[in-house]
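One letter stands for each residue in the lines below.
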Amino acid sequence: MPKSLTNKLSGDVQLIINNIMVMVKFRCRVMTLCFQGKGLFAKKLFKKGDTIFIEQPLVCAQFLWNALYKYRACDYCLRALETAEENARRLCGLPGLSLPYPELCKVRPELHQACPHCQVMYCSSECKRAAWEQYHRVLCLGPSREDPDHPINKLQDAWRNVHYPPETSSIMLMARMVAVVKQGQLALLRNLLTTALYDDYLSQWFTPEGFRSLFALVGTNGQGIGTSSLSQWVHACDALELPHQQREQLDAFIDQLYKDIDKETGDFLNCEGSGLYLLQSSCNHSCVPNAEASFPDNNFLLHLSALSDIRPGEEICISYLDCCQRDRSRHSRHKILRENYLFVCSCQKCMSQMDDADVTSEDEDEGEGETEGDDMEDEMTDV
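This is a predicted model, so every value here is computed, not measured.

Before we go on, may I ask you to explain the overall build of the chain in this structure?
The number of helices and strands found in the chain is 14 helices and 12 strands. Scored against the burial criterion, the 383 residues of the chain give a buried share of 50%. Across the chain, contacts joining residues at least 24 apart in sequence account for 73% of those joining residues at least 6 apart. As displayed, the chain has an accessible area near 19,200 Å², and 52% of this comes from carbon and sulfur atoms.

So what exactly am I meant to see when it comes to helix 5 (residues 151–162) here?
Since the α-helix packs 3.6 residues into each turn, any two residues three or four apart lie on the same face. Spanning 12 residues, helix 5 covers 17 Å between terminal C-alpha atoms, matching the ideal 16 Å at 1.5 Å per step. Considered for burial, the residues of helix 5 that qualify are Ile-152, Asn-153, Gln-156, Trp-159 and Arg-160. Buried residues along helix 5 cover an arc of 125 degrees about the axis, so they all sit on one side. Facing away from the buried side of helix 5 by over 90 degrees, the exposed positions are Pro-151 and Val-162.

Is there a simple way to think about the nonpolar core in this case?
The nonpolar side chains of soluble globular proteins are, as a tendency, buried together. Among the nonpolar cores identified, the biggest contains 57 residues, and Ile-52, Cys-74, Tyr-76, Tyr-122, Phe-300, Leu-304 and Ile-316 are the most heavily contacted of them. Counting only elements with at least two residues in this core, the list comes to strand 2 (40–42), strand 3 (51–55), strand 4 (59–62), helix 4 (125–139), helix 5, helix 6 (171–182), strand 11 (302–306) and helix 12 (330–341). Formed by 22 residues, the second largest nonpolar core is a distinct cluster that contains Ala-73, Ala-80, Leu-257 and Cys-271.

Looking at this model, I keep getting lost on the sheet that holds strand 7 (residues 223–227). Mind explaining?
Strand pairing in a sheet takes place through backbone hydrogen bonds and is either antiparallel or parallel in direction. Pairing within the open sheet is antiparallel, and its three strands lie in the order 4-8-7. Because the sheet does not close on itself, it has two edges, and the strands there are strand 4 and strand 7. The average angle at which neighbouring strand axes cross in this sheet is 30 degrees, direction not considered. Examined bridge by bridge, strand 4 and strand 8 (residues 271–276) share four bridges and lie antiparallel to one another. Bridging from a neighbouring strand, Ala-61 pairs with Ser-274 of strand 8.

How should the sheet that holds strand 3 be read in this particular structure?
Spatially, the three strands line up as an open sheet ordered 3-11-10, and their pairing is antiparallel. The strands lining the two open edges of the sheet, one partner per strand, are strand 3 and strand 10 (291–294). The mean angle between the axes of side-by-side strands here comes to 20 degrees, regardless of whether they run parallel or antiparallel. Bridge count for strand 3 against strand 11 is four bridges, and the pairing is antiparallel. Note that in strand 11 the partner of Ile-54 across the bridge is His-303.

Any chance you could explain the packing of helix 3 (residues 84–92) against helix 10 (residues 244–264) here in plain terms?
Axes are the key here: two packed helices are described by the angle between their axes and the distance separating the axes. Where helix 3 meets helix 10, the closest approach of the two axes is 7 Å, and the angle between their N-to-C directions is 50 degrees. One element, helix 3, and the other, helix 10, form an angle in the oblique class. Of the residues in helix 10, those in contact with Ala-88, Leu-91 and Cys-92 of helix 3 are Leu-257, Asp-260, Ile-261 and Glu-264. Counted by class, the contact of helix 3 with helix 10 contains five nonpolar, no polar and two charged residues.

Explain unusual backbone geometry to me, please; I cannot follow it from the model alone.
Note: most peptide bonds trans; most residues except glycine with negative phi. Positive phi outside glycine occurs at Gln-119, with the angle close to 70 degrees. Among the structural elements, Gln-119 can be located in the loop between strand 5 (113–114) and strand 6 (121–122). For Gln-119, a relative accessible area of 44% translates into the label partly exposed. Despite not being glycine, Asn-298 has its phi angle at roughly 60 degrees, a positive value. The residue Asn-298 is located in the loop between strand 10 and strand 11 in this model. Residue Asn-298 is classed as buried on the basis of its relative accessible area, which comes to 2%.

Even after reading the chapter, I still don't get the pattern of salt bridges, so can you show me in this structure?
Oppositely charged side chains can form a pair if their charged atoms are brought close together. This structure, assessed with the given rule, holds five salt bridges. As a salt-bridge pair, Asp-309 and Lys-47 come within 3.4 Å of each other at their nearest N and O atoms. Note that Asp-309 is positioned in the loop between strand 11 and strand 12 (317–318) and Lys-47 in the loop between strand 2 and strand 3, a separation of 262 residues in sequence. Assessed through its relative accessible area of 38%, Asp-309 is described here as partly exposed. The salt bridge involving Asp-251 is made with Arg-247; its shortest N-O contact spans 3.2 Å.

Please explain the environment of Ala-80 as it appears in this structure.
Within the element layout of this structure, Ala-80 appears in the loop between helix 2 (64–68) and helix 3. The class for Ala-80 is buried, based on a relative accessible area of 4%. Along the backbone, Ala-80 and Cys-271 are 191 residues apart, and their C-alpha atoms lie at a distance of 6.4 Å. Setting aside anything within four residues of it in sequence, one finds Ala-80 in contact with Arg-72, Ala-73, Val-107, Thr-227, Ser-228, Ser-229, Cys-271 and Asn-298.

Explain helix 10 to me, please; I cannot follow it from the model alone.
Taking 1.5 Å per residue, 21 residues should reach 30 Å; helix 10 reaches 30 Å between its end C-alpha atoms and fits that length. Within helix 10, the full set of buried residues consists of Arg-247, Leu-250, Ile-254, Leu-257 and Ile-261. An end-on view of helix 10 places all buried positions within 90 degrees of arc, on one side of the element. In helix 10, the exposed positions angled more than 90 degrees off the buried face are occupied by His-244, Gln-245, Lys-259 and Lys-263. Once helix 10 finishes, Gly-266 follows within two positions and takes phi at roughly 95 degrees, a positive value.

Cut-offs applied
Residues numbered from 1 in each chain as written. Predicted model: local features only at pLDDT ≥ 70, side-chain atom pairs only at ≥ 80, totals over all residues. Heavy atoms only, no water. Helix = DSSP H or I, 4+ residues; strand = E, 2+ residues; numbered from the N terminus. Buried < 20%, exposed > 50% of the residue type's maximum accessible area, 1.4 Å probe, protein only. Contact = heavy atoms within 4.5 Å. Areas by Shrake-Rupley, 256 points an atom, 1.4 Å probe, with all protein chains shown as cover. Expected span 1.5 Å × (residues − 1). Arc of directions from axis to C-beta. Core = buried A, V, L, I, M, F, W, Y, C linked by side-chain atoms within 4.5 Å. Pairing = 2+ DSSP bridges. Axes fitted to C-alpha atoms, helices over the stretch in contact; angles between N-to-C directions. Parallel < 35°, antiparallel > 145°, perpendicular 65-115°, else oblique. Nonpolar A, V, L, I, M, F, W, Y, C, P; charged D, E, K, R; others polar. Salt bridge = Lys/Arg side-chain N within 4 Å of Asp/Glu carboxyl O.

In structure tokens, the structure reads:
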């Protein structure tokens, strides 16, 4: 499977991995994990609820339709730029709405900075600097940001015309990968791309076969990222210790707020994008996963947490399917995984259902067509 690292690594590739670990601020202790064959395995006991590692992506990008619909996010780390109140007003269509406890919102507009050339926004000077050093020097449109004839704008427009919401990837993820290489940081991507499309010549990425390989890489390894200042505010409200009556009033306010949002906007609440993660992409799939990814920092930092106790030597598995898909029949799960990830699952659950009939229920048949696009990424109606 492509979502893994090879077992035997040359000295050069191992050096690249070490460099990547430093570059992405790899914050877990390396001795607690190991690569073995095609997968990621624990070297120590992880208890249910433990954070296994925290990882920054090699590259990420906001979905183009998501940005067009005014979901404002940092162009580097995808942190939501709207305050919780601004976010709520837009989502529910009530410009005069006021949120209680506004101090619980963690968005700091006074820290936001724009690229001086193209006005792309960042949540901090650190993100602006990191983007410029990694890829933005190449991709900055300068005064041509609104020029429909600029090549990058034409590329984005073409992508939107062929890839309608809900999005599961972004052409800009590939553009940023190319920009990273063009700025001399090939080592960041070489190990991740080796098994799928490595070649000595960068021009190979742009042959028909090479470009299909880029799509395959993003499609099979891309991890959905969702951030929301409103969701952060709601979680902070939930943690407040309030008298009973105030708690009931606050809960009622939040319930009504979500009803108003559902009526006005529907399910799409978050700033959404996709990223490529070195360690997370090394985790194989299981229909009964023992780990899951989340984004509690409201940016692109992925936290992989244990769903159950994981013993030393046990493989760390995530699910490429959402909760509803995992509850479907073995036949339906295999169809989704085969069509979208090009493999047949042999996890414990699938093996125990080997004798089940290869049929789906009427409900599953009716929903089969929905799995080809909107289920490619993790379900992200609210983070």
